[in-house]
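Working through the structure, step by step
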There are 2 protein chains.
Amino acid sequence: MPGTVEFWFDFSSPYGYFASHRIEQIAADAGREVAWKPFLLASVFKETGARPMLDVPLKGAYCLHDWDRLGRHYGVPWSLPERFPIAAKAANRAYYWIAAGNAELAKRFAQACFGAYYGDGRNLMRTEVLAQIAEPLDIDAQALLAAIEDPKWKERAKEEDSEAVHRGVVGSPFFIADGEGFWGHDRLDMLAQWLRRGAW
Amino acid sequence: MPGTVEFWFDFSSPYGYFASHRIEQIAADAGREVAWKPFLLASVFKETGARPMLDVPLKGAYCLHDWDRLGRHYGVPWSLPERFPIAAKAANRAYYWIAAGNAELAKRFAQACFGAYYGDGRNLMRTEVLAQIAEPLDIDAQALLAAIEDPKWKERAKEEDSEAVHRGVVGSPFFIADGEGFWGHDRLDMLAQWLRRGAW
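For clarity, every value in this text was computed on a predicted model and none was experimentally measured. (Residues numbered from 1 in each chain as written. Chains lettered and ligands numbered in written order. Predicted model: local features only at pLDDT ≥ 70, side-chain atom pairs only at ≥ 80, totals over all residues. Heavy atoms only, no water.)

Okay, the interface of chain B and chain A next. On the side of chain A, 35 residues touch chain B, which itself brings 35 residues to the contact. Taken together, both faces of the contact between chain B and chain A bury some 3,000 Å²; the carbon and sulfur share is 56%. If you look at where chain B meets chain A, you find 6 salt bridges. When the shortest N-O distance is used, the salt bridge between R69(B) and E180(A) registers 2.9 Å. The interface formed by chain B and chain A includes 20 residue pairs in polar contact (both at pLDDT 80 or more). Ranked by residues supplied to the side of chain B that touches chain A, first place goes to helix α4 (residues 59-74) of chain B with 9 residues. (Contact = heavy atoms within 4.5 Å. Buried area = accessible area lost by both parts, 1.4 Å probe. Salt bridge = Lys/Arg side-chain N within 4 Å of Asp/Glu carboxyl O. Polar contact = N/O pair within 3.5 Å; in protein donor to acceptor, adjacent residues only side chain to side chain. Helix = DSSP H or I, 4+ residues; strand = E, 2+ residues; numbered from the N terminus.)

Another point: the packing of aromatic side chains. Applying the stated criterion across every chain yields a total of 50 aromatic pairs over all chains. The ring of F182(B) carries R69(A) above its face, with NZ or CZ at 4.3 Å from the centroid. (Phe/Tyr/Trp six-rings, centres within 6.5 Å; stacked < 30°, edge-to-face > 60°. Lys NZ or Arg CZ within 6 Å of the ring centre and 35° of its normal.)

With an RMSD of 0.0 Å, chain B superimposes on chain A once it is rotated by 180° and translated 0.0 Å along the axis. Put plainly, the chains are arranged around a two-fold axis. When each C-alpha of chain B is compared by its distance to the rotation axis, D186(B) comes out closest, at 2.9 Å. Counting the interface residues of chain B, we find that 100% of their copies in chain A are interface residues as well, pointing to one common contact surface. (Least-squares fit on C-alpha atoms with pLDDT ≥ 70 in both.)

As summarised here, the arrangement of the 4 strands in space is β2-β1-β3-β4 (chain B), forming an open sheet in which the pairing is mixed. The sheet is open, and its two borders are formed by β2 (34-38) and β4 (180-183) of chain B, each paired with just one other strand. Averaged over all pairs of adjacent strands, the angle between their axes in this sheet comes to 20°, without regard to strand direction. Where strand β1 (residues 5-9) of chain B and β2(B) come together, 5 bridges link them in parallel fashion. If you follow W8(B) over to β2(B), its bridge partner there is K37(B). Its contacts with the sheet put helix α4 (residues 59-74) of chain A on β3 (174-177) and β4 of chain B, and the angle it makes with β4(B) is roughly 100°. (Pairing = 2+ DSSP bridges. Axes fitted to C-alpha atoms, helices over the stretch in contact; angles between N-to-C directions.)

Bringing a nonpolar patch on the surface into the picture now. Residues and elements named next belong to chain A. Together, M53, L54, L64 and L80 give the surface a local cluster of nonpolar side chains, amounting to about 280 Å² of exposed area. Positionally, L64 belongs in helix α4. For L64, a relative accessible area of 37% translates into the label partly exposed. (Patch = residues over 30% accessible without salt bridge, like charges linked within 9 Å, V, L, I, M, F, W, Y side chains within 5 Å. Areas by Shrake-Rupley, 256 points an atom, 1.4 Å probe, with all protein chains shown as cover. Buried < 20%, exposed > 50% of the residue type's maximum accessible area, 1.4 Å probe, protein only.)

This next bit is on the packing of helix α6 (residues 103-119) of chain B against helix α7 (residues 127-134) of chain B. Residue and element names in this part refer to chain B. Contact pair α6 / α7: the axes reach a minimum separation of 10 Å and the direction vectors enclose 125°. Classified by the interaxial angle, the pair formed by α6 and α7 is oblique. The chirality of how α6 crosses α7 is right-handed. Packed against α6, whose contacting residues are F109, A112, C113 and A116, the element α7 presents L130, I133 and A134 at the interface. (Parallel < 35°, antiparallel > 145°, perpendicular 65-115°, else oblique. Left-handed = near helix turned anticlockwise from the far one by under 90°.)

Residue and element names in this part refer to chain B. With 5 of its 5 residues buried, β1 lies for the most part within the structure. Burial along β1 is two-sided: V5, F7 and F9 facing one way and E6 and W8 facing the other are all buried. As paired elements, β1 and β3 share 3 bridges and run antiparallel to each other. Looking at the pairing, W8 lines up with F174 of β3.

Rendered as structure tokens:
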């Protein structure tokens with residue numbers, strides 16, 4: 001039976017956001033499930049020495065233009081949030097807490113977080129925003145806020161950050177299928193081919 | 001009349017090499033010409049603070065694996081040269097000297113340089129290698145060696161390095177069509193769409 005496709009992303013990564021709109025269909029077309037794995041890109045940047053894109057001369061300007069272009073290309077709501085980038089620690093903890101009980105619900109929460117941040121410019125570092133995102137999904141907002149402060153879920157989210165580094169996740173998004181890594185939203189088409197044809 | 005597609009690359013860039021095998025067909029399918037523009041990635045790295053891929057933890061291992069995978073995927077000869085990366089200054093000067101007289105011949109020289117380096121592992125920093133690449137193309141090898149040492153062509157190649165930075169070329173390969181920039185071998189399919197459909 002073909003294995004799950006891992007989708008590693010940072011909520012603060014625009015390319016991760018764009019990928020979040022495409023990965024489920026690509027996996028479904030190949031009869032695969034997707035495991036969503038939020039992590040902090042900062043833990044990878046600590047290894048690679050990379051900096052947030054907008055801080056990098058030339059690349060910053062390129063990316064701003066590119067994100068607008070991708071939004072138009074894929075017909076996905078897009079605007080650069082006022083607060084960008086952010087450290088989405090609380091969202092990651094909330095995600096893994098929800099996922100422990102209901103993986104599908106956690107995915108919908110993640111999609112809603114992305115939409116709130118890049119569609120509506122709402123700051124995911126504010127826990128009350130996370131609670132507001134959770135409510136319409138019938139997630140207990142008080143329990144969610146408690147989980148965010150719970151050392152157990154802090155630890156769990158940190159473990160995923162370490163796991164990302166350990167697995168060679170070099171950026172966001174990053175996909176792993178059958179042990180094969182694909183880095184970047186730009187590699188979704190190649191991932192799709194890999195899933196269809198198998199290894200080459 | 002539709003404009004030329006600029007193909008910016010560093011001879012020492014594997015992704016530039018892979019793109020060199022695809023760009024002509026993509027442009028031709030859209031009725032476009034390609035202007036090949038070698039430059040030194042080092043001049044861009046001075047702005048962006050980037051380092052050669054293999055020096056970067058995590059990314060180095062990813063890229064080594066990815067280059068092998070791309071070689072198999074596109075059926076393009078590929079091996080990592082013993083001497084890698086290199087500063088391909090002499091090849092750039094030779095290219096622009098040839099291009100001043102015959103743009104098509106310069107393109108064939110560039111293709112042969114890529115092939116000699118990534119196919120056969122020959123070090124393009126050695127001017128005698130460049131002379132050997134030139135000879136079967138009926139390029140005067142002695143005149144080429146003289147051009148490489150000529151301040152005029154040193155200056156010309158440097159101007160292209162500055163031009164790359166000035167134009168926002170953030171890496172190799174980088175494509176510019178109708179003023180629109182596309183960064184990376186991974187963006188060739190999007191470039192192809194842009195050329196076919198026009199701006200979106």
